[in-house]
Amino acid sequence: MRIPDEERPLAEAARAGDQTAFAGLVRLHQRRAYLVARAIVTVHEDAEDAVQEGFVRAWQAIERLDPNQGFGAWVNRIVANAALDITRRRKVRSTEELSDALQSPFRDPAQDAELKSRLAEALAQLPERARSVIVLHDVEGFTHMEIGEMLGIPGGTARSDLHHARQKLRKLLKDLRD
Amino acid sequence: MADELKFPTNGAKADRDSLDESLTALIRDAYTPEGGDAYWAGLEQRIMARVASQSTSNDTGWWSVLAPWARPALVAAAAIFAIAGVVNTQLTDSDEQLAYESAFPTPDVVSASEEIISVERGTDGATISYFLSH
């Protein structure tokens, strides 16, 4: 993954303990980190908790950052781990909660209500990991290998999960697509 | 909706099996918090507040002044502990020796030999000594 030009000096300064530089890294990467977390935990509040926790952990371990690796990929893995920790703590996540999450005020009210409702139901019926994989790959554009690293599974498993998740999602949304 | 190639965002390699653009856009929209830039500015502030509190709790405690001495202090403490252990062992050994000797006195070699001689001399020796002294 390409490292943004402005990232390297910020990462170097942050490694030296510069909090202002670290804030610059947060500004650069928090949106994508949020979507990574949201793909895993699905609920906005949990996703924000995971992002905050992930960036705090990143700051605590900033001296271990390899500037050549890129802060974004590194922090996304940390945020994904924080999100997975949250899902382990709150293992029981009902379908209603996911539907509520997708129908929360965070969505665009102009979108077709029925489609959104069906999408929420369909995503809720996917296994947790399959849902994460499909969002991270098809929506966020991460590679199988990157998703595998984030979720702690082999890249081949991520690819397989993705294939099955797409099939199931298409089947669930079939009548809407016809 | 048709099975179209997904829009090539974020460097992902598009493939024929991908979800179509309208569906991914819908999911992305559903997973994007409202509030726009104000939300992200607020999130950044919340993150940095936690980072600052972490740094404060880690760096400014009175104990942080002593932090550089932690390793030498541990080494010194371990050395003192080891020396104290050796000294204690030696003192315990000498105390045990004294206690043993007080309970079981070591026989005096010289007095033992004199006892044997006196036994061997018997009463004849005492008689000879009596006549010689008179």
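Residues numbered from 1 in each chain as written. Chains lettered and ligands numbered in written order. Predicted model: local features only at pLDDT ≥ 70, side-chain atom pairs only at ≥ 80, totals over all residues.

**Let's talk about the overall build of chain A**
Filter applied, for reference: Numbered from the N terminus, helices here are DSSP runs of H or I no shorter than four residues, and strands are runs of E no shorter than two. Three classes are used. A residue is buried when 20 or more other C-beta atoms lie within 10 Å of its own, exposed when 12 or fewer do, and partly exposed in between, with C-beta atoms placed from the backbone. Placing C-beta atoms from the backbone, we regard two residues as in contact once those atoms come within 7 Å.
When you go through chain A residue by residue, the secondary structure sums to 10 helices and zero strands. Sequence-ordered secondary structure for chain A, helices as α and strands as β, is α-α-α-α-α-α-α-α-α-α. Within the span of chain A, comprising 178 residues, buried residues form 40% of the whole. Of the contacts made within chain A by residues no fewer than 6 positions apart, 65% connect residues no fewer than 24 positions apart.

**Observations regarding helix 9 (residues 155-172) of chain A**
All names here are of chain A. Which entries qualify depends on this criterion: In this scheme, a helix's expected span is set at 1.5 Å multiplied by one less than its residue total. Our arc is simply the arc of the directions from the helix axis toward the C-beta atoms.
Over its 18 residues, helix 9 runs 25 Å from end to end, which matches the ideal 26 Å to within 8%, given 1.5 Å per residue. Within helix 9 the residues assigned to the buried category are Ala158, Asp161, Leu162, Ala165 and Leu169. Down the axis, helix 9 shows its buried residues gathered within 105° of arc, on one side only. Across helix 9 from its buried face, at more than 90 degrees, point the exposed residues Gly156, Gln167 and Lys171.

**A word on the packing of helix 4 (residues 71-89) of chain A against helix 8 (residues 144-151) of chain A**
Residues and elements named next belong to chain A. Selection criterion: Lines fitted to C-alpha atoms define the axes here, with helix axes fitted over just the stretch in contact, and angles between the N-to-C directions of these axes take values from 0 to 180 degrees. Orientation is classified from the angle alone, with under 35 degrees giving roughly parallel, over 145 giving roughly antiparallel, 65 to 115 giving roughly perpendicular, and any other angle giving oblique. Here the nonpolar group is Ala, Val, Leu, Ile, Met, Phe, Trp, Tyr, Cys and Pro; Asp, Glu, Lys and Arg are the charged ones; every other residue, Gly included, is treated as polar.
Where helix 4 meets helix 8, the closest approach of the two axes is 8 Å, and the angle between their N-to-C directions is 45°. Relative to helix 8, the element helix 4 is oriented oblique. Only Glu146, Glu149, Met150 and Leu151 of helix 8 make contact with helix 4, whose side of the interface consists of Ala73, Asn76, Arg77 and Ala80. Residue composition of the contact of helix 4 with helix 8, by class: four nonpolar, one polar and three charged.

**Side note on the nonpolar core**
Which entries qualify depends on this criterion: Note on terminology: a nonpolar core is a set of buried residues of type Ala, Val, Leu, Ile, Met, Phe, Trp, Tyr or Cys, with members joined through C-beta atoms within 7 Å.
A:Val36, A:Ala37, A:Ala50, A:Val51, A:Val79 and A:Ala83 are the most contacted members of the largest nonpolar core, which has 59 residues in total. In terms of residues, this core owes the most to one element, helix 2 (residues 19-41) of chain A, which gives 11 residues. Beyond its immediate sequence surroundings of up to four residues, A:Val51 is in contact with A:Gln30, A:Ala33, A:Tyr34, A:Ala37, A:Val79 and B:Leu43.

**Let's talk about the confidence of the model for chain A**
All names here are of chain A. For the record, the criterion: Each residue gets a pLDDT score, which is the predictor's confidence in that residue and runs from 0 to 100.
Scored by pLDDT, chain A comes out at a mean of 82, with 84% of its residues at no less than 70. Within the model, the stretch residues 93-99 combines pLDDT values under 50 with 10 contacts to residues more than four positions away or in other chains. Overall, residues 103-110 carries pLDDT values under 50, and its contacts beyond four positions in sequence, including any with other chains, amount to 13 contacts.

**What to know about the environment of A:Pro4**
Assignment of secondary structure puts A:Pro4 in the segment before helix 1 (7-15). Taking C-alpha positions, A:Pro4 is 9.0 Å from A:Leu28, a pair spaced 24 residues apart along the chain.

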